[in-house]
Amino acid sequence: MKATLKGTYYTDKDSSAVASFAINAGDVKLKASMTDATVVHGPSLNGLALSLEKPNSFVINYDVPKKDVRFQFMNTVKVLDKPLRLNYSHSRGDNATSLSGTLVFDPANKVSANYAFNSGNCKLAYSYVHGGLRTFEPCFDVSKNTWDFSVSQRVYGDDVLKASYQTSSKVLGLEWSRNSKINGTFKGETCLLNTPLVTQ
């Protein structure tokens, strides 16, 4: 049995902190997490969440103050000798259910689909990794009949620069993220609203 304790502090205008305590019990992990709202004004249930997880199989999250349960089940099956990753999730409080799948043709090419049962929204996406450093991801929203595009580039090993454009809202997004065991992790992003993709 192994236990881990993690803490995170966010230094934005609404400074907040998150702490989590996890216990690995064989194939499953028990986890409790809380925010600063749990302890700042005296002990309370605000911001307290519990979860039970078996990697690549299922996750059950329980929001204590809202008494809300969210189920997520994962599985991988073979389709023409290619792995198809399936993901089913249901949130009782929001009464939201979704099903998603990703078919991996090879390490550089994969196709995914996501369907939300409550809204009928369906998205189809394709991902292509060029040279192991640059990723192109077009996405088609069936319900809105619109396309979204994103291009990401890995730089300096651990840093990723990403640009995305949503044709329905004309939003151009720029993002810079890092995931490094040595230099730490961070994510910064900005959005430019109502920006045409091509200017004349």
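Residues numbered from 1 in each chain as written. Predicted model: local features only at pLDDT ≥ 70, side-chain atom pairs only at ≥ 80, totals over all residues. Heavy atoms only, no water.

As recorded by an unreviewed UniProt entry, the chain carries the name Outer envelope pore protein 24 and is attributed to Macleaya cordata. Under the heading Function (unreviewed entry), UniProt records this for the chain: "High-conductance voltage-dependent solute channel with a slight selectivity for cations transporting triosephosphates, dicarboxylic acids, ATP, inorganic phosphate (Pi), sugars, and positively or negatively charged amino acids." (UniProt positions renumbered as here; feature names shortened; annotations may be inferred.)

**Q** Mind showing me how you'd approach the overall build of the chain here?
**A** Secondary structure summary: the chain contains 0 helices and 15 strands in total. In the chain, which comprises 200 residues, the proportion classed as buried is 19%. Considering only intrachain contacts with a sequence separation of at least 6, the fraction spanning at least 24 residues in the chain is 6%. Element-wise, carbon and sulfur atoms account for 57% of the exposed surface of the chain, whose accessible area totals about 14,100 Å². (Helix = DSSP H or I, 4+ residues; strand = E, 2+ residues; numbered from the N terminus. Buried < 20%, exposed > 50% of the residue type's maximum accessible area, 1.4 Å probe, protein only. Contact = heavy atoms within 4.5 Å. Areas by Shrake-Rupley, 256 points an atom, 1.4 Å probe, with all protein chains shown as cover.)

**Q** Honestly, the pairing of strand 13 (residues 159–166) in this entry has me stumped. Any pointers?
**A** Regular strands show a simple pattern: their side chains alternate between the two faces of the sheet. When strand 12 (residues 146–155) meets strand 13, the two strands line up antiparallel, connected through 8 bridges. Residue pairing in the sheet places Asp148 in a bridge with Gln166 of strand 13. Between strand 12 and strand 13, which follow one another and run antiparallel, lie 3 residues, and Tyr156 among them has a positive phi close to 55°. Bridge count between strand 13 and strand 14 (residues 171–180): 8 bridges; the pairing is antiparallel. In the strand pairing of strand 14, Tyr165 is matched with Leu172. Between strand 13 and strand 14, which pair antiparallel and follow one another directly, the connecting turn spans 4 residues, one of which, Lys170, has a positive phi of 55°. (Pairing = 2+ DSSP bridges.)

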